[in-house]
Amino acid sequence: PTGGTITESGGYRIHTFTGGGTFVITSGVGEVEVLVVGGGGSEGGDTSGCHAGGGGGGGGVVYKKMNMSAGQYPITIGAGGLWRGNGENTVFGTGTDHQITALGGGAGGPTLTGNGNAGGSGGGASRHTTTNLGGVAQQPGTTDGGFGNRGGDLGSNTYTGGGGGAGGAGQDGDAANAGRGGAGKQFTQFGVNIYFGAGGNAQGSHTSEGQTPTSTNGAGNTGAGGGGSVGGSNRSSGGSGRVMIRYPAAT
């Protein structure tokens, strides 16, 4: 097969797509492993004021093993969400049997209006004087190879919720602390140690599992959500997605 950037690791050949392209199988039939990561959602802060927006939800992540034959399989990489916008979907292949879609992450709740957006993983709720909810996760469940979790909630006039991640839900905000983003998920068999689809932190700098720090864009090609920030700060976008494909290298 051809397409993308080709590397080898652990006896496997790996194709990595960080932009659009086509995976081409010229002949033969065999099993491949496919990892598809949607674009992360943006955070939801406002242009002014002291209130903070919720952290952006990580892009949905899908991992599947598929039997594939000769053909051309187009790939579209989802962009990260811009201010208060969901991430875009990443799509591998075509047709009922050979198409995988990883949904873009939900944007964090906008200041003064509240709830996080639904998405691959949901965005965190914003701070305000009412009880707001994190966005729900729309990525298929793990029985279908999908990974996504809801964003964090908050109570009355408390800190904001963290964005949901592929590896865990966003943490709720409370009266004393903003919620951390949900963890990303690793797939080290593809030869990388990246956490994919992590949520954006509402505040703080916890990044041990890929979460995005406050007022920081989600890392490119990881599907990370944007880090939440207070009014008047820089607006944080989500990170773009990626596709990776692996199969045994020829001997």
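Residues numbered from 1 in each chain as written. Predicted model: local features only at pLDDT ≥ 70, side-chain atom pairs only at ≥ 80, totals over all residues. Heavy atoms only, no water.

Q: Would you take a moment to explain the overall build of the protein for this structure?
A: Each helix and strand counted, the protein has zero helices and eight strands in total. Reading the protein from its N terminus to its C terminus gives the helix and strand order β-β-β-β-β-β-β-β. Taking 251 residues into account, the globule formula puts the C-alpha radius of gyration at 18 Å, and the protein, at 18 Å, falls close to it. Projected onto its principal axes, the C-alpha coordinates of the protein cover approximately 60 × 30 × 30 Å. Across the 251 residues that make up the protein, the buried fraction comes to 53%. Within the protein, residue pairs in contact and separated by at least 24 positions form 58% of the contacts whose partners lie at least 6 positions apart. Accessible area for the protein stands at about 9,500 Å²; split by element, carbon and sulfur atoms hold 46% of it. Within the protein, the 12 negative side-chain charges are centred at a point lying 3 Å from the centre of the 11 positive side-chain charges. (Helix = DSSP H or I, 4+ residues; strand = E, 2+ residues; numbered from the N terminus. Rg over C-alpha atoms; globule rule 2.2 N^0.38 Å. Buried < 20%, exposed > 50% of the residue type's maximum accessible area, 1.4 Å probe, protein only. Contact = heavy atoms within 4.5 Å. Areas by Shrake-Rupley, 256 points an atom, 1.4 Å probe, with all protein chains shown as cover. Lys, Arg positive; Asp, Glu negative; His and termini not counted. Charge placed at Lys NZ, Arg CZ, Asp CG, Glu CD.)

Q: I tried to follow unusual backbone geometry on my own but got confused; where do I start?
A: Across the chain, the bulk of peptide bonds are trans and the bulk of non-glycine residues have phi less than zero. Of note in this structure, Arg84 is not a glycine but carries a positive phi near 60 degrees. Residue position: Arg84 is located in the loop between strand 4 (61–76) and strand 5 (90–94). By relative accessible area, Arg84 is classed as partly exposed at 31%. Look at Ser215: it is not a glycine, yet its phi comes out positive at around 55 degrees. Looking at the secondary structure, you find Ser215 in the loop between strand 7 (146–147) and strand 8 (242–248).

Q: What is the right way to look at the confidence of the model for the protein in this model?
A: Here the protein shows a mean pLDDT of 89. Residues at 70 or above account for 92%. Here strand 6 (residues 98–102) stands out as the element of the protein with the lowest mean pLDDT, 90, in contrast to strand 2 (residues 12–17), whose mean of 98 is the highest. (pLDDT = per-residue confidence, 0-100.)

Q: Any chance you could explain the pairing of strand 6 here in plain terms?
A: The two faces of a sheet get side chains in turn, since along a regular strand they alternate between them. Where strand 5 lies against strand 6, five bridges are found, and the strand directions are antiparallel. Of the residues in strand 6, the one forming a bridge with Gly93 is Gln99. With antiparallel pairing between neighbouring strands as the criterion, strand 5 and strand 6 make up a hairpin whose turn holds three residues, including Gly95 at a positive phi of roughly 85 degrees. (Pairing = 2+ DSSP bridges.)

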